[in-house]
Amino acid sequence: DAGVIQSPRHEVTEMGQEVTLRCKPISGHDYLFWYRQTMMRGLELLIYFNNNVPIDDSGMPEDRFSAKMPNASFSTLKIQPSEPRDSAVYFCATTAPPFTDTQYFGPGTRLTVL
Amino acid sequence: AQSVAQPEDQVNVAEGNPLTVKCTYSVSGNPYLFWYVQYPNRGLQFLLKYITGDNLVKGSYGFEAEFNKSQTSFHLKKPSALVSDSALYFCAVRGAGSSNTGKLIFGQGTTLQVKP
C-alpha cells in the first residue's frame, strides 16, 4: 500500500484565495483525521470522519474551514477565504479499529498564505 | 477528559548515552498509548504502542517504552542514543472500550537533540 497520500505537498497562495487540500486514505481505513501543525499551537485535531461521516468538527477554527469525505477514498479540507494565520502544515491520518489502533499519517501539505 | 503531558520541551543527550522522553496521561478506563516521531519536514511516524499485556513495549529503531499504571506514565527510552534519533517526539493516548471515540490526544511534543 502506498500509505496516506496528500496533495499538494506545498501550496503558496494569496490572502483571500480558496485553498483545497486533498487526502487519499489507506484502503480499508474507515477513520480519517485532519490535523494542523504550527509552532505556536503544536498539533491540533481539526475534524475526523468515520465511514465518510463527520464525527467531531469541534476543532475546526472558523466557518472559513470546511471538510468533506464524499467517498471512502477521498477527503478534502477547504479554506475559503484563506488568511495568513492559516499558514501551517496540514496532515491527514487514517486508521481502522479494531483492525489496527494505529493512526497512519500522510506527509502533510505545507500551506503558506501571503 | 483525556489528556497527555510531555513535561520537557527539549531533551539533550550525548550520542551513546541512554535517553528518556517523558509522558504522563489521564484517561478514564484502560488507556491505549502511543509514541510517534517526526523528522524535519516529514509526517508523524508510528514508533510503538501499548494496548495490553507486558508493560515494556519494544518498537522501531531500538526504542522501547514502559507503561506504569500507578504513575500514569509511558516514558520512551533507548539504551544508546544516535545522532539520527534527533527529532520531535509525540506521546498520544486513546481511551479503550466505551472511552474509545476513535481519536488520539497528542502531547505537545518533545524535541530530542543527540549530540556527537
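Let us look at the structure shown here.

The rules we used
Residues numbered from 1 in each chain as written. Chains lettered and ligands numbered in written order. Predicted model: local features only at pLDDT ≥ 70, side-chain atom pairs only at ≥ 80, totals over all residues. Heavy atoms only, no water. Buried < 20%, exposed > 50% of the residue type's maximum accessible area, 1.4 Å probe, protein only. Helix = DSSP H or I, 4+ residues; strand = E, 2+ residues; numbered from the N terminus. Pairing = 2+ DSSP bridges. Contact = heavy atoms within 4.5 Å. Polar contact = N/O pair within 3.5 Å; in protein donor to acceptor, adjacent residues only side chain to side chain. Disulfide = S-S within 2.5 Å. Axes fitted to C-alpha atoms, helices over the stretch in contact; angles between N-to-C directions. Buried area = accessible area lost by both parts, 1.4 Å probe. Salt bridge = Lys/Arg side-chain N within 4 Å of Asp/Glu carboxyl O. Phe/Tyr/Trp six-rings, centres within 6.5 Å; stacked < 30°, edge-to-face > 60°. Core = buried A, V, L, I, M, F, W, Y, C linked by side-chain atoms within 4.5 Å.

Points about the pairing of strand β12 (residues 110-115) of chain B
Residues and elements named next belong to chain B. Of the two faces of β12, the one holding T110, L112 and V114 is buried and the one holding T111, Q113 and K115 is not buried anywhere. Sheet topology places strand β2 (residues 10-14) next to β12; five bridges connect them, and they run parallel. In the strand pairing of β12, N12 is matched with Q113.

Some thoughts on the environment of R22 of chain A
All names here are of chain A. Its location among the elements puts R22 in strand β3 (residues 19-24). Residue classification places R22 among the partly exposed positions, given a relative accessible area of 37%. Setting aside chain neighbours within four positions, we find R22 in contact with I5, Q6, S7, W34, F74, S75 and T76. In this structure the side chain of R22 is engaged in a polar contact, spanning 3.4 Å, whose partner is the backbone oxygen of T20.

Some points on the state of the cysteines
Residue and element names in this part refer to chain B. Per the stated rule, a full pass over the model turns up two disulfides over all chains. One disulfide bridge connects C23 with C91, the sulfur atoms lying 2.0 Å from each other. With the S-S dihedral at roughly -65 degrees, the linkage between C23 and C91 falls on the left-handed side. Of this pair, C23 sits in the loop between β3 (19-21) and β4 (24-26) while C91 sits in strand β10 (residues 87-95), and the two are 68 residues apart along the sequence. Considered together, C23 and C91 belong to a single accessibility category, that of buried residues.

Describing the sheet that holds β3 of chain A
All names here are of chain A. Across the sheet, which stays open at both edges, the four strands sit in the order β1-β3-β8-β7 with antiparallel pairing between neighbours. Every interior strand has two partners, whereas the edge strands, β1 (5-7) and β7 (65-71), have only one. Put simply, the sheet's adjacent strands are angled 15 degrees from each other on average, direction ignored.

Quick notes on the interface of chain A and chain B
In this complex, chain A contributes 19 residues to the contact, which on the side of chain B involves 19 residues. Between chain A and chain B the total buried area reaches about 1500 Å² when both faces are included, carbon and sulfur atoms providing 51% of it. Across the chain A-chain B interface, the total number found is zero salt bridges. If you look at where chain A meets chain B, you find four residue pairs in polar contact (both at pLDDT 80 or more). At the level of secondary structure, the elements contributing two or more residues to the side of chain A that touches chain B comprise β4 (31-38), β5 (42-50) and β10 (100-105) of chain A.

Overview of the packing of aromatic side chains
Two numbers describe a pair of aromatic rings. These are the distance of the centres and the angle of the planes. Across all of its chains, the model carries 16 aromatic pairs over all chains by this definition. Ring centres of Y35 of chain A and F106 of chain B lie 5.6 Å apart, and the angle between their planes is 90 degrees; on these two criteria the pair is classed as edge-to-face. With Y35 of chain A in strand β4 and F106 of chain B in strand β11 (residues 105-106), this pair bridges two chains. Taken together, Y31, F33, Y35, Y48, F91 and F105 of chain A together with F34, Y36, F46, F90 and F106 of chain B form an aromatic cluster joined through their ring pairs.

Considering unusual backbone geometry
Of all residues except glycine, most have a negative phi; of all peptide bonds, most are trans. Residue and element names in this part refer to chain A. The peptide bond linking S7 to P8 adopts the cis configuration, its omega dihedral lying at -10 degrees. Topologically, P8 is positioned in the loop between β1 and β2 (10-13). Put simply, Q80 and P81 share a cis peptide bond, and its omega is -5 degrees. Within the secondary structure, P81 is located in the loop between β8 (74-79) and β9 (88-96).

Some thoughts on the pattern of salt bridges
Residues and elements named next belong to chain A. Applying the stated criterion to the full structure yields 11 salt bridges over all chains. With a closest N to O distance of 2.8 Å, E62 and R64 form a salt bridge. As a salt-bridge pair, E83 and R64 come within 3.6 Å of each other at their nearest N and O atoms. In this pair, E83 is assigned in the loop between β8 and β9 and R64 in the loop between β6 (53-56) and β7, connecting sequence segments 19 residues apart. Residue class for R64 comes out buried when judged on its relative accessible area of 11%.

Section: the nonpolar core
With 28 residues, the main nonpolar core has W35, L47, L48, F74, L76 and Y89 of chain B as its most contacted residues. When residues of this core are traced back to their parent elements, those giving at least two are β2, β3, β5 (31-38), β6 (44-50), β8 (64-68), β9 (73-78), β10 and β12 of chain B. Of all the elements, β10 of chain B adds the most residues to this core, at four residues. Setting aside residues up to four positions removed in sequence, Y89 of chain B forms contacts with Q6, W35, Y36, V37, L47, F63, L76, G109, T110 and L112 of chain B. Of all hydrophobic cores here, the second largest spans 21 residues; its members include C23, I26, W34 and F49 of chain A.

Keep in mind that these numbers describe shape and distance, not what the molecule does.
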